[in-house]
Amino acid sequence: MNRFPLIIYNIFPKLCGAMSRWPDHIERAHDTGFSWIYFNPLQYSGFSGSIYSVKEHYKINQMFLDIGKGTEEEQLKRVIDFIHKKGMYAMID
């Protein structure tokens, strides 16, 4: 049984920008007592441009990546690792 409370902080990627900026939000969430980080869809969007109109489920939307900072997988792994180092959990819509 998980005794860690389910207190969820929502990161809306379109408002937060590239993944390199997300640790600041994660740090603030941690410091204010959140236990989970919830991300709205990060996947590559379809024609409408809506993040909920996913075109490629296994590809990250380019607007959330930093050019020259590693592959999609490496950048996402850094964010998830940062969350875990804070003793928190992550979920992606």
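In the block above lies the structure referred to throughout.
Residues numbered from 1 in each chain as written. Predicted model: local features only at pLDDT ≥ 70, side-chain atom pairs only at ≥ 80, totals over all residues. Heavy atoms only, no water.

**Q** Residue-level account of the overall build of the chain, with values.
**A** Helix and strand counts for the chain stand at 3 helices and 5 strands. Traced from its N-terminal end to its C-terminal end, the chain shows the element sequence β-α-α-β-β-β-α-β. For the chain, whose C-alpha radius of gyration is 13 Å, the value lies close to the compact-globule estimate of 12 Å for 93 residues. Along the first, second and third principal axes, the C-alpha atoms of the chain reach 40 × 25 × 25 Å. The proportion of buried residues among the 93 residues of the chain is 38%. A total of about 6,000 Å² of accessible surface is found on the chain, and carbon and sulfur atoms cover 57% of it. Distance between charge centroids for the chain: 2 Å, based on 11 positive and 10 negative side chains. (Helix = DSSP H or I, 4+ residues; strand = E, 2+ residues; numbered from the N terminus. Rg over C-alpha atoms; globule rule 2.2 N^0.38 Å. Buried < 20%, exposed > 50% of the residue type's maximum accessible area, 1.4 Å probe, protein only. Areas by Shrake-Rupley, 256 points an atom, 1.4 Å probe, with all protein chains shown as cover. Lys, Arg positive; Asp, Glu negative; His and termini not counted. Charge placed at Lys NZ, Arg CZ, Asp CG, Glu CD.)

**Q** Could you give an account of the nonpolar core, with specific residues and numbers?
**A** In terms of nonpolar packing, the biggest core is built from 19 residues, with W22, I26, I37, F39 and I83 touching the most fellow members. Discounting chain neighbours no more than four positions away, the residues touching I83 are I26, I37, F39, M88, Y89 and A90. (Core = buried A, V, L, I, M, F, W, Y, C linked by side-chain atoms within 4.5 Å. Contact = heavy atoms within 4.5 Å.)

**Q** Mind laying out the packing of aromatic side chains, listing which residues take part and the relevant values?
**A** Enumeration according to the criterion identifies 4 aromatic pairs in this entry. Relative to F34, the ring of Y9 has its centre 5.1 Å away and its plane inclined at 75°; by these criteria the two rings are edge-to-face. Within this pair, whereas Y9 is found in strand β1 (residues 8-11), its partner F34 is found in the loop between α2 (22-31) and β2 (36-39), the two being separated by 25 residues in sequence. With relative accessibility at 17%, the residue Y9 sits in the buried group. One aromatic cluster in this structure is built from W22, F39 and F64. (Phe/Tyr/Trp six-rings, centres within 6.5 Å; stacked < 30°, edge-to-face > 60°.)

**Q** Quick rundown of the sheet that holds strand β5 (residues 89-92)? Include the residues and the values.
**A** A sheet is described by the order of its strands in space; here 3 strands give the open sequence β1-β2-β5, paired in parallel fashion. At either end of the open sheet lies a strand with only one pairing partner, and these are β1 and β5. Each strand axis lies, on average, 25° off the axis of its neighbour in the sheet, ignoring direction. Relative to β5, β2 runs parallel, the two being bridged by 4 bridges. Bridging across to β5, W36 finds its partner in Y89. Sheet strands in contact with α2 are β1 and β2, and its direction is about 160° off that of β1. (Pairing = 2+ DSSP bridges. Axes fitted to C-alpha atoms, helices over the stretch in contact; angles between N-to-C directions.)

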